[in-house]
Amino acid sequence: MSTRNISINIIWTLIVLLVMDAYVYSALRKSIQKSKWKTFLNVAYGVSVLLSYIGFYYLYFYFTVKPLQVELAPNLAIGFFFSLIVVKILLLLFFLFEDVFRFLEHVFNILRSFIKADKKTISRPGRRGFIRQAGLIFAGIPFTSMLYGITKGKYDFRVKKVKLAFDNLPKAFEGFKIVQISDIHSGSFDSREAIMDGIALINQQKADVILFTGDLVNNDSREILPFIEDFKTLKAPYGVYSVLGNHDYGDYKKWDSAQDKQENMELLYRYQKEMGFQLLNNENSILTKGEDVIGIYGVENWGNPPFPQKGDLDKALSGKEEVGFKVLLSHDPTHWDKKVIDYPVHIDLTLSGHTHGMQFGVDIPGFKWSPIKYIYPQWAGLYKKKKQLLYVNRGFGFLGFPGRVGIWPEITLIELTKNG
């Protein structure tokens, strides 16, 4: 997108935001003016709006400049901007519904006055106080949740324990433990201490192998530099394996030359090696335990356009098609749905990420929902088709909205077991 187009979009966005603020304030003004706290409420509203516009500025800055590291204060400002936007949208829905009702009521009164030849003055219906109160209460729920999400929730790492049974699991791998992490997005982190806690939690699971399913960075490979020493501490007897996600290719940053972009890619390879990650670019690795083996296969990113489709199952399985039990690492769950399920070679378990669960939704035992489900049918947790399993990790980091609400950062502990 050109700089001119970005500027035009920013101007239109600002106009929409200003109109939204004016409309919401006009709807709330009567209640504010009646309150004995009117001065405080007016100041609070003004400060909140100002903070949200500061957050919008930082969001624009991060989107265009794409810095290698971020700081806590700008992240909080961006999060506050998103939080207040949600409040305003919900209030708009309440007030627009009321305004439509008021307009229809006014038209009805006018028609009734003509029919009855009523000489009385027709007054326009005023806003109803209970509508304002209901709107504020309703909008306050996601607002407080999002404030938690941008302060604590984004680092509220949760371990999801999953036991998966297979008919063909080799006997020696009974109870074999896999930790899956995904979508680190190191360029979004604003607390190294929190990341160290997350890494410690990964190591506490005592996994046999650690599998990372892509998106180490946001835009630039150098984003991982402050955290290399921390991720080096990830340890498992069978090693740490990884694949690339769509963000790892540097496609979302404008480079001065194709050579610069290629050098960025080479840096990513080097940094992954420094961290002890074995990158599987359409490649495989065989894990041996006793006399039994299982295969770990990794493909490059494959997703619906505009996401890159570099994943090549033929290359990934080359020479190891006959291994009896296969685990595939593929960043985007779309790949499983579109290619893996009907692939001639049976893949027992596919591990993906990418969706982040949209970082927003409801995820409780027996029920999960997020708006992302309308884009990705397989968006979080376990799925099964044609005797093949897919697990979609909710992501370790965050992107865009610097927080998480209801969909917490995930460390998946998978225990393999044999049916019967």
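Now for a description of the structure that goes with this document.

Cut-off values and rules
Residues numbered from 1 in each chain as written. Predicted model: local features only at pLDDT ≥ 70, side-chain atom pairs only at ≥ 80, totals over all residues. Heavy atoms only, no water. Helix = DSSP H or I, 4+ residues; strand = E, 2+ residues; numbered from the N terminus. Buried < 20%, exposed > 50% of the residue type's maximum accessible area, 1.4 Å probe, protein only. Contact = heavy atoms within 4.5 Å. Areas by Shrake-Rupley, 256 points an atom, 1.4 Å probe, with all protein chains shown as cover. Lys, Arg positive; Asp, Glu negative; His and termini not counted. Charge placed at Lys NZ, Arg CZ, Asp CG, Glu CD. Pairing = 2+ DSSP bridges. Axes fitted to C-alpha atoms, helices over the stretch in contact; angles between N-to-C directions. Phe/Tyr/Trp six-rings, centres within 6.5 Å; stacked < 30°, edge-to-face > 60°. Core = buried A, V, L, I, M, F, W, Y, C linked by side-chain atoms within 4.5 Å. Salt bridge = Lys/Arg side-chain N within 4 Å of Asp/Glu carboxyl O. Right-handed = clockwise from strand over helix to strand, strands pointing away.

Moving on: the overall build of the protein. When helices and strands are counted, the protein shows 9 helices and 14 strands. On the principal axes, the C-alpha backbone points of the protein span a range of 95 × 50 × 35 Å. Out of the 420 residues belonging to the protein, those deemed buried represent 50%. Look at the contacts in the protein between residues 6 or more apart in sequence, and 75% of them connect residues 24 or more apart. Carbon and sulfur atoms form 61% of the exposed surface of the protein, whose accessible area is close to 20,900 Å². With 51 positive and 41 negative side-chain charges, the protein shows a spacing of 13 Å between the two charge centroids.

Let's shift gears to the sheet that holds strand β7 (residues 292-298). Hydrogen bonding along the main chain pairs the strands of a sheet, whether they run parallel or antiparallel. Spatially, β6-β7-β8-β9-β13-β12 is the arrangement adopted by the 6 strands of the open sheet, whose pairing is mixed. Of all the strands in the sheet, just β6 (283-289) and β12 (381-385) have a single pairing partner and so form its edges. The average undirected angle you get between the axes of adjacent strands in this sheet is 20°. Where β7 lies against strand β8 (residues 326-329), 4 bridges are found, and the strand directions are parallel. Within β8, the position partnered with Ile-296 by the bridge is Val-327.

Its location among the elements puts Gln-272 in helix α7 (residues 258-275). Setting aside residues no more than four positions away along its own chain, Gln-272 makes contact with Leu-216, Ser-242, Leu-244, Phe-277 and Leu-279.

Another aspect to go through is the packing of aromatic side chains. A complete count under the given rule lists 22 aromatic pairs for this structure. A ring pair is formed by Tyr-58 and Tyr-62, whose centres lie 6.5 Å apart and whose planes are at 50°; its orientation type is tilted. Of this pair, Tyr-58 and Tyr-62 both sit in helix α2 (residues 38-65), separated by 4 residues, roughly a single helical turn. When the ring of Tyr-148 is compared with that of Trp-408, the centres are 5.8 Å apart and the planes differ by 90°; the resulting orientation is edge-to-face. Of this pair, Tyr-148 sits in helix α4 (residues 129-151) while Trp-408 sits in the loop between β13 (388-392) and β14 (410-418); the two residues are 260 residues apart in sequence, bridging distant segments of the chain.

Turning our eyes to something else, we now look at the nonpolar core. Judged by nonpolar contacts, the single largest core of 35 residues is most densely connected at Ile-181, Ile-195, Ile-224, Phe-231, Leu-234 and Phe-396. Broken down by element, the residue count for this core peaks at 5 residues, all from helix α5 (residues 192-204). Core analysis: the next-biggest nonpolar cluster, separate from the first, contains 24 residues, Leu-164, Phe-176, Val-243 and Ile-294 among them.

Overall, the coordinates contain 14 salt bridges when judged by the stated rule. A salt bridge links Glu-274 to Arg-270, with the shortest nitrogen-to-oxygen separation between them at 3.4 Å. Here the residue Glu-274 and the residue Arg-270 both occupy positions in helix α7, the gap between them amounting to 4 residues, near one helical turn. Assessed through its relative accessible area of 35%, Glu-274 is described here as partly exposed. Here Glu-410 makes a salt bridge to Arg-394, at a shortest N to O gap of 2.9 Å.

Time to look at the pairing of β7. By the criterion of burial, β7 is predominantly enclosed, with 5 of the 7 residues buried. Pairing of β6 with β7 involves 7 bridges; the strand directions are antiparallel. Across the sheet, Thr-288 pairs through a bridge with Val-293, a residue of β7. The antiparallel pairing of β6 with β7 creates a hairpin that spans 2 residues between the two strands, and Gly-290 there sits at a positive phi of about 65°.

This brings us to the pairing of strand β9 (residues 349-352). Residues in a regular strand point their side chains to alternate faces of the sheet. Of the two faces of β9, the one lined by Leu-349 and Leu-351 and the one lined by Thr-350 and Ser-352 are each fully buried. For β8 and β9, the ladder comprises 3 bridges, and the chain directions are parallel. Directly across from Val-327, in β9, lies its bridge partner Leu-349. Following the backbone out of β8, through helix α9 (residues 334-340) and into the adjacent parallel β9, one traces a crossover that is right-handed. Pairing analysis gives 4 bridges linking β9 to β13, with the strands arranged parallel. Note on β13: the bridge partner recorded for Ser-352 is Val-392.

Any functional reading would require information that these geometric values do not contain.
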